[in-house]
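Okay, here's what each chain looks like letter by letter:
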Amino acid sequence: MGFWRVLLSIICPPLAVLDKGCGSILIVFLLWLCGWVPGTIAALVILNNPNR
C-alpha cells in the first residue's frame with residue numbers, strides 16, 4: 001500500500017478501492033455516505049488485507 005493510495009483513501013475512499021472489485025467499491029461507497037470516518041476505515045482495511 002503506497003503513500004498515494006493512503007492519501008486517496010483519506011480524501012475519497014471509494015476511489016482508493018477501484019481496483020479491488022465491485023463489492024468493495026459498493027461497501028466503501030455506502031459507508032462513505034453514512035460518514036467520512038466509516039468509509040475511510042473500510043477503505044484502509046480493504047487496502048491492508050494481505051489476501052487480496
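Criteria and thresholds
Residues numbered from 1 in each chain as written. Predicted model: local features only at pLDDT ≥ 70, side-chain atom pairs only at ≥ 80, totals over all residues. Heavy atoms only, no water. UniProt positions renumbered as here; feature names shortened; annotations may be inferred. Helix = DSSP H or I, 4+ residues; strand = E, 2+ residues; numbered from the N terminus. Rg over C-alpha atoms; globule rule 2.2 N^0.38 Å. Buried < 20%, exposed > 50% of the residue type's maximum accessible area, 1.4 Å probe, protein only. Core = buried A, V, L, I, M, F, W, Y, C linked by side-chain atoms within 4.5 Å. Contact = heavy atoms within 4.5 Å. Axes fitted to C-alpha atoms, helices over the stretch in contact; angles between N-to-C directions. Parallel < 35°, antiparallel > 145°, perpendicular 65-115°, else oblique. Left-handed = near helix turned anticlockwise from the far one by under 90°. Nonpolar A, V, L, I, M, F, W, Y, C, P; charged D, E, K, R; others polar.

With an unreviewed UniProt entry as reference, the protein chain is termed Proteolipid membrane potential modulator, source organism Bizionia paragorgiae. Its UniProt record gives the protein chain a comment under Subcellular location (unreviewed entry), which states: "Membrane". Its UniProt record gives the protein chain a comment under Sequence similarities (unreviewed entry), which states: "Belongs to the UPF0057 (PMP3) family."

As a further point, take the overall build of the protein chain. Across its full length, the protein chain holds four helices and zero strands. In the protein chain, the order of α-helices and β-strands from amino to carboxyl end is α-α-α-α. The globule rule puts the C-alpha radius of gyration for 52 residues at 10 Å, and the 10 Å found for the protein chain is close to it. Here the protein chain, with 52 residues, has 29% of them falling under the buried criterion.

Counting residues in each nonpolar core, the largest one holds seven residues, listed as Ala16, Val17, Val28, Ala42, Ala43, Ile46 and Leu47. When residues in this core are grouped by element, the largest group, four residues, is from helix H4 (residues 36-48). Residues contacting isoleucine 46, with those up to four places away along its chain left out, are Val17, Lys20, Ser24 and Val28.

In this section: the packing of helix H1 (residues 3-11) against H4. Between H1 and H4, the least distance of the axes is 8 Å, while the angle of their chain directions is 155°. Comparing their axes, H4 and H1 come out roughly antiparallel. Viewed along their axes, H1 and H4 form a crossing whose handedness is right-handed. On H4, the residues that touch Arg5, Val6, Ser9, Ile10 and Ile11 of H1 are Trp36, Thr40, Ala43, Leu44 and Leu47. When grouped by side-chain class, the residues that make up the contact of H1 with H4 number seven nonpolar, two polar and one charged.

A few words on the side chain of threonine 40. The topology assignment puts threonine 40 in helix H4. Owing to a relative accessible area of 7%, threonine 40 belongs among the buried residues under this scheme. Residue contacts for threonine 40: discarding those within four places in its chain leaves Ser9, Ile10 and Pro13.

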